[in-house]
Amino acid sequence: MDLAYTQEEREFRVRLREWLAAVLPGLPPRPDPADWPGRRAYDAGWQRLLYDAGYAGLHWPADAGGRGATPTQHLIFLEETERAGAPYVGANFVGLLHAGPTIAAEGTPEQRARWLPPVLRGDEMWCQGFSEPGAGSDLAALRTRAVRDGDAYVVSGQKIWTSHAEVADWCELLVRTDAAAPKHRGISWLAMRMDAPGVTVRPLRTLAGSTEFAEVFLDEVRVPLAHRVGAENDGWRVTMVTLSFERGTAFVGEVVACRRTLDALAAEARRSGRWDDPVLRRRLGRLAAEFQALWRLTQWNVSEAQRSGGVPGAGGSVFKLRYSHARQELYEAAAEVLGAGDALDLDREWVRDRLSSLSYTIAAGTSQIQRNIVAERILGLPKGR
């Protein structure tokens, strides 16, 4: 991994900073967190600005509609947009960070042409229909059935923790297409329209009061065969591509955000006088080193993905495992900085983020699952029995 910047990369950073300085003051106010239609419109508007300026899908391959930027340029983009306080992907995160890259890697030319440009422009949003009430960490135990009927699958079942289902146009959906096959071999990856007859969405309220997840009920929903990505019953392999993006690169912008939060915590501790506590200072210093190390690991993972054709490898599980716990530790430190009086105030962003951080050791594969992946695929240890 080469951490030195080339002249071209330094010039790229300067141009990006200038563009952000010109564009960000003209953005409309951010909508209320509970206003999902408003949030979708806001995120779509930002994505369109990126698209028009040539920054959408910066690291996507050129033949997928991206710019084919180097890993370092991608990381510079994430650093500069986060430091400038620019919007993140928001409601478009499944399309931009999961479904889009999967279709770019596994889709046919027709599928890439149909689905990727609307994602990059912000015209269409996606949600993720993977987990089920009886198939969370054991995702391959899913029971949602898809039966062929002419040129379509007829899909029935239930999904849960479906991210951004309320505002999505499409769903990356895992279904069982062969009930007799071993559970990892009878799965297919489908793209399903969320307005199709038979789709029912019920929002789920989280501990922090947000509703970015939903349970989705599917009652004989027809999905065209042409909307299957990859071969029938090869969906588990395609899913591993999706999950490698989710664990390997989807969180990279959040590392920069956590580093910015850490700076803000230090500033608040100085203002409140809590900086005089040497134990707190050591805690914040250790966290600063932790997130610096995670950023270096991010650089390595992105570089490795570029060398392997754009798909992250098992190193993403190392990152996901440590990042999940570091984020929880960060917001535990935030509670200490805020003090007992403010640490329960849900109007404080850090308090809401602290509650949200509790889910990170479960979301995108539990920490136990990540440890198994690291043990088996990186360390070469035998599978547990």
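Here the structure is a predicted model, which is why all the values come from computation and not from measurement.

(A) How the structure looks around the pairing of strand β4 (residues 170-176). In terms of residue burial, β4 counts as a mostly covered element, since seven of its seven residues are buried. Two elements, β4 and strand β5 (residues 187-193), share seven bridges in a ladder whose sense is antiparallel. Opposite Glu172, over in β5, you have Ala191 as the bridge partner.

(B) Local environment of the packing of aromatic side chains. Enumeration over the complete set of coordinates arrives at eight aromatic pairs. For the pair Trp115 and Trp126, a centre-to-centre distance of 6.0 Å together with 85° between the ring planes defines the contact as edge-to-face. Placement of the pair is Trp115 in helix α5 (residues 109-121) and Trp126 in strand β1 (residues 126-129), with a sequence separation of eleven residues. Residue classification places Trp115 among the buried residues on the basis of a relative accessible area of 2%. By relative accessible area, Trp126 is classed as buried at 1%. Between Trp126 and Trp170 the ring centres are 5.9 Å apart and the planes differ by 25°, which places this aromatic pair in the stacked class. Of this pair, Trp126 sits in strand β1 while Trp170 sits in strand β4; the two residues are 44 residues apart in sequence, bridging distant segments of the chain. The same class applies to Trp126 and to Trp170, which are both buried. Members of the aromatic cluster, connected to one another through ring pairs, are Phe12, Trp19, Trp46, Tyr55 and Phe77. Residue placement shows Arg39 over the ring face of Trp36; its charged tip is 3.9 Å from the ring centre.

Basis of the calculations
- Residues numbered from 1 in each chain as written.
- Predicted model: local features only at pLDDT ≥ 70, side-chain atom pairs only at ≥ 80, totals over all residues.
- Heavy atoms only, no water.
- Buried < 20%, exposed > 50% of the residue type's maximum accessible area, 1.4 Å probe, protein only.
- Helix = DSSP H or I, 4+ residues; strand = E, 2+ residues; numbered from the N terminus.
- Pairing = 2+ DSSP bridges.
- Phe/Tyr/Trp six-rings, centres within 6.5 Å; stacked < 30°, edge-to-face > 60°.
- Lys NZ or Arg CZ within 6 Å of the ring centre and 35° of its normal.

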